[in-house]
Amino acid sequence: MQQRNSGAQLAPAVIVHFYRGLMDQANIWRARIDTTTNWAIVTSGSIASFVLADRSRTHMLALIGMFLAFAFLAIEARRYRFYDLWSGWIRLLETEYFAPILKHNTIDAVAQWHPMLMCDLQDPHFKISLSEALGRRLRHNYFAIFLFLLMVWLLQIMPPARPDTGDCRTLVQCAALGPVPGWAMIMLVGLGYAYLIGLMIVTPKLRRTGTEIISRQLLFRRMVAPGATLVGFKRHPDLPYIVDSTVRAPEED
């Protein structure tokens, strides 16, 4: 460890400005994530108020709302991967640069995180897959939206208490949409929601803390992940000269 040289202003200034730039990028992508969620909430609320206002209106509008919500979820998952990239670099600086300065007032001139960050800056790679991003945003925000749209759809296809002539008399009959029978529509909706539930179940790695307050050990494992995907949608190369002495954290359950 080397004592910090108060006369060398270049490196600290570069790190500080780099940190501020990363923070600005993370805030931009965080705002874009929140914007997509707002789109989904406003769209779902508008469709629900329009559909439930008149029983004669088709339940197809609720299905359209489900499709739009999934489209917003896909857009938000892509944006979240970029946000996770920026916030991961920020967390690395916090744990490896600012924390040692605050604790020991020193900077390690040959710290292991230097080549890690350099390699990731040269070939940026996402730290989570698209399915993991979908599962995380679904658990945190979109599951409630999809559950709300499902309730709207079920209310709209409920048979009337006193059906008139020509009205549907069972739930399956009311779920029919044009030439598509009701049982097929119920099966399609059920398969769609089974897929959403499966996303939440098979992506358990992100059930714990987010990137903003991730542990140092897990942060290192994410930074050197050999199988991670480059931002350019390529495979990240192996980094044996960097990870030889890195303590790997156990897989999350």
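Details of the structure are given in the entry above.
Parameters and conventions
Residues numbered from 1 in each chain as written. Predicted model: local features only at pLDDT ≥ 70, side-chain atom pairs only at ≥ 80, totals over all residues. Heavy atoms only, no water. Helix = DSSP H or I, 4+ residues; strand = E, 2+ residues; numbered from the N terminus. Buried < 20%, exposed > 50% of the residue type's maximum accessible area, 1.4 Å probe, protein only. Contact = heavy atoms within 4.5 Å. Areas by Shrake-Rupley, 256 points an atom, 1.4 Å probe, with all protein chains shown as cover. 1 Å grid on protein atoms, 1.4 Å probe; cavity = no way out; pocket = protein on both sides within 12 Å on 5 of 7 lines; lining within 4 Å. Points joined across faces, edges and corners; volume = space filled by probe spheres on them. Phe/Tyr/Trp six-rings, centres within 6.5 Å; stacked < 30°, edge-to-face > 60°. Core = buried A, V, L, I, M, F, W, Y, C linked by side-chain atoms within 4.5 Å. Patch = residues over 30% accessible without salt bridge, like charges linked within 9 Å, V, L, I, M, F, W, Y side chains within 5 Å. Salt bridge = Lys/Arg side-chain N within 4 Å of Asp/Glu carboxyl O.

### Quick look at the overall build of the chain
Summing up its helical and strand segments, the chain has eight helices and four strands in all. When the helices and strands of the chain are listed from N to C terminus, the series reads β-α-α-β-α-β-α-α-α-α-β-α. Each of the 253 residues in the chain was classed as buried or not, and the buried ones make up 40%. Summarising the internal contacts of the chain: among those between residues at least 6 apart in sequence, 81% fall at separations of at least 24. For the chain, the accessible area works out to roughly 14,100 Å², and carbon and sulfur atoms hold 64% of it.

### Section: the layout of surface pockets
Here the second largest pocket is characterised by a volume of approximately 360 Å³. Around the second largest pocket, the lining is made up of 14 residues, and of these Leu63, Met66, Phe67, Leu188 and Gly192 lie nearest the centre. Take the lining of the second largest pocket: its biggest share by element is seven residues, from helix H6 (residues 182-202).

### A closer look at the packing of aromatic side chains
Within this structure, the stated rule accounts for nine aromatic pairs. Centre to centre, the rings of Trp29 and Phe82 are 4.8 Å apart; their planes meet at 10 degrees, and the pair counts as stacked. With Trp29 in helix H1 (residues 10-52) and Phe82 in helix H2 (residues 60-104), this pair connects stretches of sequence that are 53 residues apart. Note on accessibility: Trp29 and Phe82 belong to one class, buried. Summarising the aromatic geometry, the rings of Trp86 and Trp89 are spaced 5.5 Å apart at their centres and angled 85 degrees between planes, so their arrangement reads as edge-to-face.

### Structural notes on the nonpolar core
Judged by nonpolar contacts, the single largest core of 53 residues is most densely connected at Met66, Leu138, Tyr142, Phe146, Trp153 and Tyr193. Where this core is concerned, the elements lending two or more residues are H1, H2, helix H3 (113-122), helix H4 (130-157) and H6. Ignoring anything within four residues of it in the chain, the contact list for Trp153 reads His59, Ala62, Leu63, Met66, Ala175, Met185, Ile186 and Val189.

### What to know about a nonpolar patch on the surface
A contiguous nonpolar patch, built from Leu52, Leu155, Met158, Leu171, Val172, Trp183, Ile186, Met187, Leu188 and Leu191 and spanning about 950 Å² of accessible area, is present on the exposed surface. Of all the secondary-structure elements, those providing two or more residues to the nonpolar patch are helix H5 (171-174) and H6. Among the secondary structure elements, Trp183 is positioned in helix H6.

### Remarks on the pattern of salt bridges
Going through the model one piece at a time under the given rule, you end up with three salt bridges. The partner of Arg30 in a salt bridge is Asp34, and the shortest N-O contact between them spans 3.6 Å. One end of the pair is Arg30 and the other is Asp34, both in helix H1 and four residues apart, which spans about a single turn. On the accessibility criterion, Arg30 (27% relative accessible area) is partly exposed. The residue Arg137 makes a salt bridge to Glu76 at a minimum N-O spacing of 2.8 Å. With Arg137 in helix H4 and Glu76 in helix H2, this residue pair connects regions lying 61 residues apart in the sequence. Of the two residues examined, Arg137 and Glu76, each falls in the buried class.

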